[in-house]
Amino acid sequence: MESRGSLKRGNAGVTIEFTIALPVAPAKVWTALTDPSTLAKWLAEGDIDPVPGGRVHLTWPGQGEMHGTVRSIAPPHQLSYSWIETKSSSEIAFHVVMLGPDESQLTLIHRGTTEEEAPGFGAGWHSHLESLLEVLSDGTTSSAIRDVRYEELLPLYTTQLAAS
C-alpha cells in the first residue's frame, strides 16, 4: 500500500481514513468485506449478516473480538456497521467505487475512536488493508505477518496523532 491513513481529531473522537486502489471489480471487494471465508484471510474470523440491522461478529484468536450491527448497506458499494469492543464503541464504513472493469477504489472510514485507541486502529487497518490487497492479488498473508506489520506501523500512527 503506497500511502498511510489519516487520523483526524474531532468533537466525536478520532476519525481514521484510508483510500486504496484494488485490482478487482467491486463485486470481488464486496465478497472480501462480507464473505466469512474471504474475510478470515485478511481481517478476522467471524461473520457479517449483510442486511440492515444484521449482526457483525469478528474474532482475532488470542487477541480479542468485536460485535456490531449493520447500519447501512448498498451492495457492492457501501457497508457500515457499529464497532463495539469491551470498553468502547465506534463505527466503520466501507465505500467501493469502480475505477475500471478490473479495478476498484476502497475508502475505509473508522469514526469515533478514542485518542488512546486511534494509533492502534490506524496501524491495524493499515496492516489489514495491505493483507486485503495481497489476498485480492491472489497472494497469501497471515495473522503473523499482520502482527509484525502492525508493530512496525504503530509508532508512525502514534506520531501522526500527536502532530495533529
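To be clear, the structure that these remarks concern was listed above.
This section reports on the structure supplied with the text. (Residues numbered from 1 in each chain as written. Predicted model: local features only at pLDDT ≥ 70, side-chain atom pairs only at ≥ 80, totals over all residues. Heavy atoms only, no water.)

## Some words on the sheet that holds strand β2 (residues 13–22)
Strand order in this open sheet of eight strands is β1-β2-β8-β7-β6-β5-β4-β3, and the pairing throughout is antiparallel. Looking at the sheet topology across the chains shown, the edges are occupied by β1 (6–10) and β3 (45–48). The mean angle between the axes of side-by-side strands here comes to 20 degrees, regardless of whether they run parallel or antiparallel. Pairing of strand β5 (residues 64–74) with strand β6 (residues 78–84), which is carried by five bridges, proceeds in the antiparallel orientation. (Pairing = 2+ DSSP bridges. Helix = DSSP H or I, 4+ residues; strand = E, 2+ residues; numbered from the N terminus. Axes fitted to C-alpha atoms, helices over the stretch in contact; angles between N-to-C directions.)

## Here we look at the nonpolar core
In this structure, Trp42, Leu58, Tyr81, Trp83, Phe94, Leu106 and Trp125 are the most contacted members of the largest nonpolar core, which totals 41 residues. The element best represented in this core is helix α3 (residues 118–136), accounting for eight residues. Setting aside anything within four residues of it in sequence, one finds Leu106 in contact with Phe18, Thr19, Ile20, Leu22, Val29, Leu33, Phe94, His95, Val96, Leu129 and Leu132. (Core = buried A, V, L, I, M, F, W, Y, C linked by side-chain atoms within 4.5 Å. Buried < 20%, exposed > 50% of the residue type's maximum accessible area, 1.4 Å probe, protein only. Contact = heavy atoms within 4.5 Å.)

## Quick look at helix α4 (residues 143–163)
For α4, with 21 residues, the first-to-last C-alpha span of 30 Å sits near the 30 Å given by 1.5 Å per residue. For α4, the principal kink sits at Leu153 and spans about 35 degrees; a proline, Pro155, occurs within the next four residues. Residues Arg146, Leu153, Tyr157, Gln160 and Leu161 constitute the buried set of α4. Each element contacted by the buried residues of α4 is listed here: β1, β2, α2 (36–42) and α3. (Expected span 1.5 Å × (residues − 1). Bend = angle between axes of the 7 residues up to and from the residue.)

## Notes on the environment of Glu85
Among the secondary structure elements, Glu85 is positioned in the loop between β6 and β7 (89–100). Residue class for Glu85 comes out partly exposed when judged on its relative accessible area of 29%. Separated by 25 residues in sequence, Glu85 and His110 place their C-alpha atoms 14 Å apart. Leave out the neighbours within four places in its chain, and Glu85 touches Glu65, Met66 and Phe121.

## Things to note about the layout of surface pockets
The space that makes up the largest pocket amounts to roughly 690 Å³. Lining the largest pocket are 23 residues, with Trp60, Gln63, Gly124, His128 and Tyr150 sitting closest to its centre. At the level of secondary structure, the elements contributing two or more residues to the lining of the largest pocket comprise β4 (55–60), β5, α3 and α4. The residue makeup of the lining of the largest pocket, split by class, is nine nonpolar, eight polar and six charged. Size it by volume and the second largest pocket reaches roughly 160 Å³. Considering the residues around the second largest pocket, the lining is formed by Val24, Lys28, Thr38, Lys41, Val135, Leu136, Asp138 and Gly139. Mapped onto the lining of the second largest pocket, the elements with two or more residues apiece are α2 and α3. (1 Å grid on protein atoms, 1.4 Å probe; cavity = no way out; pocket = protein on both sides within 12 Å on 5 of 7 lines; lining within 4 Å. Points joined across faces, edges and corners; volume = space filled by probe spheres on them. Nonpolar A, V, L, I, M, F, W, Y, C, P; charged D, E, K, R; others polar.)

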